[in-house]
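Each chain, written out:
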Amino acid sequence: MTISIRFISSSIIQVESPRKETDRIELTPWDLQHLLVDYMQVGLLFHKPQPQEEEPEETLIHHLETSLLRTLDFFAPLAGRIATIEHEDKTTSFFIDCNNAGALFVHAVAEKVTISDLIEPVYVPETFDSFFQLDGVKNIEGTSKPLLAVQVTELVDGIFIACSINHSVVDGSSFWHFFNSWSEISRGSDHLSKPPIFRRPLLDGIDYAIRIPLIKEQIEDQFIPPPLQVKIFHFTKQNIVKIKTKANAEMNTDKISSLQALLSHFWLSIMRNRHLDPNQETIIYLVIGVRQKLQQLPEQYFGNAIQSAMVILKAGELVEKGLGNAAWQINKIVANHTQENFMNFLDSWAKSPRLYQTGQMMNNALLTASSPRFDIYGNDFGWGRPIATGHGAGSRFDGVLIASCGVEEGSIEIKVCLSPETFQAMENDEEFMASLTI
């Protein structure tokens, strides 16, 4: 579907009262490892509010812009830029300069697009791509690009609020912390129920700012994915219980979580339907939240506090041993990530930096993202809750699994990006399709 987007206005929003305590914020290994990947691009779809009598059309847009301005007073780093220090040994150090260069706010109109055009197709339409700014921009470009870019797009009967935020500045938890705070301010609050904490934990043995050897080819490398499709799978609370119970029963345990069971379910089905050689290694990359496991980090810590882990199984073992075994392997890896493990990672990474490059990771691999713990559907800006989420092109890789809470309490949505051939095979897979209904 080819759509026409009309851009109405674009402005740079600067914090009115910058706070001196956040002039400079150091970037930790958890932040720096994302320098070469794209910005996070997530947005929310709302029904269009009914305008009040004699209220001009621009009032809603003005309200969102002014409430964003007030929210940035609490999140000053998002109005800054990434700054660099070049060293004589040809390494570079990075930090957040809270220089109030400003965040980007864009107002656009998609005059012929309706809510049903976006949520009714079997596969997620690429229309969503046009609702985001900073497409294809890497986090390292935050030296000159805004760290936050918002685009509010008016549809025929809806509003889409999209945020593109530098992934070296926020992880998913901080992304939604900001979004939740903006909606809170938009509803009329003049303070935040959960103010962000920018102070970096005191990590023994790490000398800030960390020196990173960068190769020009790494920065300029552009990964172009093959043709892909995106589909959202909705799991009710009952569906989830069924799959979780099956996984735990197969391993005679009760330790496997709902999310571990669901991710294993997709890992098993996707690799089975790719018809791999039994000796071919398959990988699932997990994102482990650190806030719940590291005492030094408060819940409202603003920045990246995630660590990746991978589980490797040969295709033959994955398929033959089934759901329970795959979920148990995931469970063991997650359980093994202790406070000591996290601290060792920070220390070793600072001594020998390693930057993610997503395209190089995705050979017979799945990459998980987001979390059902994030408060997505509670983002009420003053006229009702969102009805759907949307992601930009930056998350479109073969094998990406984006897990989030569903609209109904206890439900989970898994947004999956795969080749058309794999989706077709999965639709013909009776075992997989049976899991989607009870």
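In this text, all values refer to a predicted model and were calculated from it rather than measured experimentally.

Chemist: How should the packing of aromatic side chains be read in this particular structure?
Modeler: For any two aromatic rings, the description comes down to two numbers: the centre-to-centre distance and the angle of the planes. Scanning all chains against the criterion turns up 23 aromatic pairs. On the basis of an interplanar angle of 75 degrees and a centroid distance of 5.8 Å, the ring pair of Phe132 and Phe160 is categorised as edge-to-face. One end of the pair, Phe132, is in the loop between helix H3 (115-119) and strand E7 (148-154); the other, Phe160, is in strand E8 (residues 158-165), and 28 residues separate them in sequence. Of the two residues, Phe132 and Phe160, both sit in the buried class. A ring pair is formed by Trp176 and Phe179, whose centres lie 5.2 Å apart and whose planes are at 25 degrees; its orientation type is stacked. Residue Trp176 and its partner Phe179 are located together in helix H4 (residues 172-186), separated by three residues, close to a single helical turn. In this structure, Trp176 and Phe179 share a single accessibility class: buried. Site record: aromatic cluster; members linked through ring pairs are Phe46, Phe75, Phe175, Trp176, Phe178, Phe179, Trp182, Phe198, Phe302, Phe381 and Trp383.

Chemist: Help me understand the environment of Glu413, please; the structure alone is not making it clear to me.
Modeler: You can see Glu413 is positioned in strand E16 (residues 412-418). Placed 67 residues apart in sequence, Glu413 and Leu346 show a C-alpha to C-alpha distance of 32 Å. There is a polar contact of 3.1 Å between the side chain of Glu413 and the side chain of Tyr377.

Chemist: Please clarify how the packing of helix H7 (residues 258-273) against helix H8 (residues 315-335) should be interpreted in this entry.
Modeler: For any two helices packed against each other, one specifies the crossing angle of their axes together with the interaxial distance. It is the contact of H7 with H8, at a shortest axis distance of 9 Å, that shows an interaxial angle of 140 degrees. Overall, the two elements H7 and H8 adopt an arrangement that is oblique. The chirality of how H7 crosses H8 is right-handed. Counting all contacts with H7, which are made through Gln260, Ala261, Ser264, His265, Trp267, Leu268, Met271 and Arg272, the residues of H8 involved are Leu318, Val319, Gly322, Leu323, Ala326, Ala327, Ile330, Asn331 and Val334. Taken together, the residues that form the contact of H7 with H8 break down as eleven nonpolar, five polar and one charged.

Chemist: For this particular structure, what's the right way to read the state of the cysteines?
Modeler: Covalent bonding between the sulfur atoms of two cysteines defines a disulfide. For the coordinates displayed, the defined rule picks out zero disulfides. Looking at the unpaired Cys163, the closest cysteine sulfur is the one in Cys405, lying at 16 Å. For Cys163, a relative accessible area of 0% translates into the label buried. Overall, the relative accessible area of 14% leaves Cys405 in the buried class.

Chemist: Please clarify how the sheet that holds strand E1 (residues 6-13) should be interpreted in this entry.
Modeler: The strands that make up a sheet are held in pairs by hydrogen bonds between backbone atoms, and each pair lies either parallel or antiparallel. Strand order in the open sheet formed by six strands is E1-E6-E7-E8-E3-E14, and the pairing between neighbours is mixed. Two strands close off the open sheet at either side, each with one partner strand: E1 and strand E14 (388-391). For this sheet, the mean inter-axis angle between neighbouring strands, taken without regard to orientation, is 20 degrees. Sheet strands in contact with H4 are strand E3 (40-47), E7 and E8, and its direction is about 135 degrees off that of E8.

Chemist: Hey, could you run me through the side chain of Ser435 in this one?
Modeler: Mapped onto the elements, Ser435 comes out in the segment after helix H12 (430-434). Overall, Ser435 belongs to the buried group, its relative accessible area being 9%. Of note is the side chain of Ser435, whose polar atom sits 2.6 Å from the side chain of His265. There is a polar contact of 2.5 Å between the side chain of Ser435 and the backbone oxygen of Phe432. The residues touching Ser435, leaving out its near neighbours within four places in the chain, are Phe235, Asn239, Ile243 and His265.

Chemist: How do you make sense of the nonpolar core when you look at a structure like this?
Modeler: Counting residues in each nonpolar core, the largest one holds 76 residues, and the members touching the most others are Leu78, Leu148, Phe178 and Trp182. When near neighbours in sequence (up to four residues on either side) are disregarded, Phe178 contacts Leu68, Thr71, Leu72, Phe75, Leu78, Leu148, Cys163, Ile165 and Phe302. Formed by 33 residues, the second largest nonpolar core is a distinct cluster that contains Ile243, Ile414, Leu418 and Met426.

Chemist: Can you help me understand unusual backbone geometry in this one?
Modeler: With the exception of glycine, the majority of residues adopt a negative phi angle, and the majority of peptide bonds are in the trans configuration. Its identity as a non-glycine residue notwithstanding, Leu134 has a phi of 60 degrees, on the positive side. Looking at the element boundaries, Leu134 is found in the loop between H3 and E7. We classify Leu134 as buried; its relative accessible area is 13%. Here the phi dihedral of His275 falls at roughly 50 degrees; this positive angle occurs in a residue that is not glycine. Of note, His275 is situated in the loop between H7 and strand E11 (281-289).

Chemist: It is not clear to me how the sheet that holds E16 should be interpreted in this structure. Could you clarify?
Modeler: Spatially, six strands are ordered E10-E16-E15-E13-E11-E12 in an open sheet, and the strand pairing comes out mixed. Two strands lie at the open edges of the sheet, namely strand E10 (229-235) and strand E12 (306-314), each paired on one side alone. Neighbour-to-neighbour, the strand axes of this sheet turn through a mean angle of 20 degrees, independent of strand direction. Along the sheet face, helix H6 (residues 237-251) touches E10 and E16 and points at about 90 degrees away from the line of E10.

Chemist: I'm lost on the environment of Ser144 in this one. Help?
Modeler: Along the chain, Ser144 falls in the loop between H3 and E7. Of the residues examined, Ser144 reaches a relative accessible area of 55% and is grouped as exposed. Between the alpha carbons of Ser144 and Arg396 there is a distance of 24 Å; along the sequence they are 252 residues apart.

Conventions we followed
Residues numbered from 1 in each chain as written. Predicted model: local features only at pLDDT ≥ 70, side-chain atom pairs only at ≥ 80, totals over all residues. Heavy atoms only, no water. Phe/Tyr/Trp six-rings, centres within 6.5 Å; stacked < 30°, edge-to-face > 60°. Helix = DSSP H or I, 4+ residues; strand = E, 2+ residues; numbered from the N terminus. Buried < 20%, exposed > 50% of the residue type's maximum accessible area, 1.4 Å probe, protein only. Polar contact = N/O pair within 3.5 Å; in protein donor to acceptor, adjacent residues only side chain to side chain. Axes fitted to C-alpha atoms, helices over the stretch in contact; angles between N-to-C directions. Parallel < 35°, antiparallel > 145°, perpendicular 65-115°, else oblique. Left-handed = near helix turned anticlockwise from the far one by under 90°. Contact = heavy atoms within 4.5 Å. Nonpolar A, V, L, I, M, F, W, Y, C, P; charged D, E, K, R; others polar. Disulfide = S-S within 2.5 Å. Pairing = 2+ DSSP bridges. Core = buried A, V, L, I, M, F, W, Y, C linked by side-chain atoms within 4.5 Å.

By themselves, these figures tell us nothing about what the structure is for.
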